[in-house]
Amino acid sequence: VSPVSSQPVHVEPARKSLLKVILLGDGGVGKSSIMNRYVTNKFDAHLFHTIGVEFLNKTLEVDGNQVTLQIWDTAGQERFRSLRTPFYRGSDCCLLTFSVDDNQSFLNLSNWKKEFIYYADVKEPENFPFVVLGNKVDVTERQVSTEEARLWCQENGEYPYFETSAKDATNVAVAFEEAVHRALAADDKADHLIPTDTVKLHRKPRSATACCS
Ligand SMILES: Nc1nc2c(ncn2[C@@H]2O[C@H](COP(=O)(O)OP(=O)(O)OP(=O)(O)O)[C@@H](O)[C@H]2O)c(=O)[nH]1
C-alpha cells in the first residue's frame, strides 16, 4: 500500500497566459502608434483617430512560458467616451499615456486613471499595475520635463515611467515588457491572497514508517 499523506494539498495556481493590456490617454498622444510599433514594428505619420477600441495580439516568452499579450488601443477623444469605457473591465495592466509635447495630456493623466478605475471596477486601486508612458520624445519642443513626469508617477503610486517614441521605437518594447511583468506580479500576489484550505499536491508523501506508525 502506498503511503498516504495527511498533509493538506495546495495546488499551485497556473500563471496567466493571456494578458489584457489597455492604452489610455488623450486623443493624439500616440496610443495607436505605440501599439503598431510594438506589434508590427511600423509607424504611420498620418494615422486617423481611433473610434471606439481596437486590439492586436502579440505572443512573447516570459520565464520559459508563452504569454499572449492582448493590447487594447482606445479612442482618446472625449466624444468617444461611451464607446471605449465598456472595454476596460478585465484589464491586467493599464498604460497611462501622454505626449511630452502636450502639457494638457500630462495634466489629464489623473482623469484617465480615475476613469479607468471606475469603469474597470478596480477593487484595490492602490495595487493595480499602472505604467506611465511619456510619448513623442523624438520631438524637440517639450512641454513636460522628465522630472515632472517622474514626480507624478512617484506621488500617484510609484508607477514605472518610460519616455517613448513610436516614431523611432525608443523604449516601446521595454515598456510593454514592464507591463507584462507588473501584470504577472499582480496576478501572483492576488493568487497568494486566496485562502488555501486545500492539499499540497507537490509535497512528498511522508515515509511509510511515519505514515503508518
Ligand atoms: N513625432 C512623433 N509623432 C508621433 C509619435 N507617436 C504618434 N505620433 C503621431 O501623432 C499623431 C497621433 O497618433 P495616434 O497614434 O493616432 O494617437 P492616438 O493617441 O492613438 O489618438 P486617438 O486615436 O485620437 O486617441 C499621428 O500623426 C502620429 O503619427 C511619436 O512618437 N513621435
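About the thresholds
Residues numbered from 1 in each chain as written. Predicted model: local features only at pLDDT ≥ 70, side-chain atom pairs only at ≥ 80, totals over all residues. Heavy atoms only, no water. UniProt positions renumbered as here; feature names shortened; annotations may be inferred. Helix = DSSP H or I, 4+ residues; strand = E, 2+ residues; numbered from the N terminus. Buried < 20%, exposed > 50% of the residue type's maximum accessible area, 1.4 Å probe, protein only. Contact = heavy atoms within 4.5 Å. Expected span 1.5 Å × (residues − 1).

Per an unreviewed UniProt entry, the protein chain goes by the name small monomeric GTPase and belongs to Cyprinodon variegatus. In its Sequence similarities (unreviewed entry) section, the UniProt entry covering the protein chain states "Belongs to the small GTPase superfamily. Rab family." Entered under Cofactor (unreviewed entry) in the UniProt record, the comment concerning the protein chain runs "Mg(2+)".

Asker: Requested: an account of the environment of Trp152, with residues and values cited.
Answerer: Note on placement: Trp152 falls in helix 5 (residues 146-157). Trp152 gets classed as buried once you look at its relative accessible area, which sits at 12%. The spacing of Trp152 and Val53 is 99 residues in sequence and 27 Å in space, taken between C-alpha atoms. Not counting residues within four places of it along the chain, the set of residues in contact with Trp152 comprises Leu96, Phe106, Leu109, Ser110, Val132 and Tyr159.

Asker: Report on unusual backbone geometry, specifying residues and quantitative values.
Answerer: Backbone geometry at Asn41 places phi at a positive 60°, although glycine is not the residue there. In this fold, Asn41 is placed in the loop between helix 1 (31-40) and strand 2 (53-62). In this structure, Asp63 is a non-glycine residue whose phi angle is positive, near 50°. Considering the arrangement of structural elements, one finds Asp63 in the loop between strand 2 and strand 3 (65-74). Under the relative-accessibility criterion, Asp63 is labelled exposed at 59%.

Asker: So what's going on with helix 4 (residues 109-120)? Residues and values would help.
Answerer: Relative to the 16 Å expected for twelve residues at 1.5 Å per residue, helix 4 spans 16 Å between its end C-alpha atoms, a close match to the ideal helical length. Every buried residue belonging to helix 4 is among Leu109, Trp112, Lys113, Glu115, Phe116, Ile117 and Ala120, and all of these are buried. In this structure, the buried side of helix 4 is in contact with strand 1 (18-24), helix 2 (81-84), strand 4 (93-99), helix 3 (103-107), strand 5 (130-135) and helix 5. The first or second residue beyond helix 4 is Asp121, which carries a positive phi of 60°.

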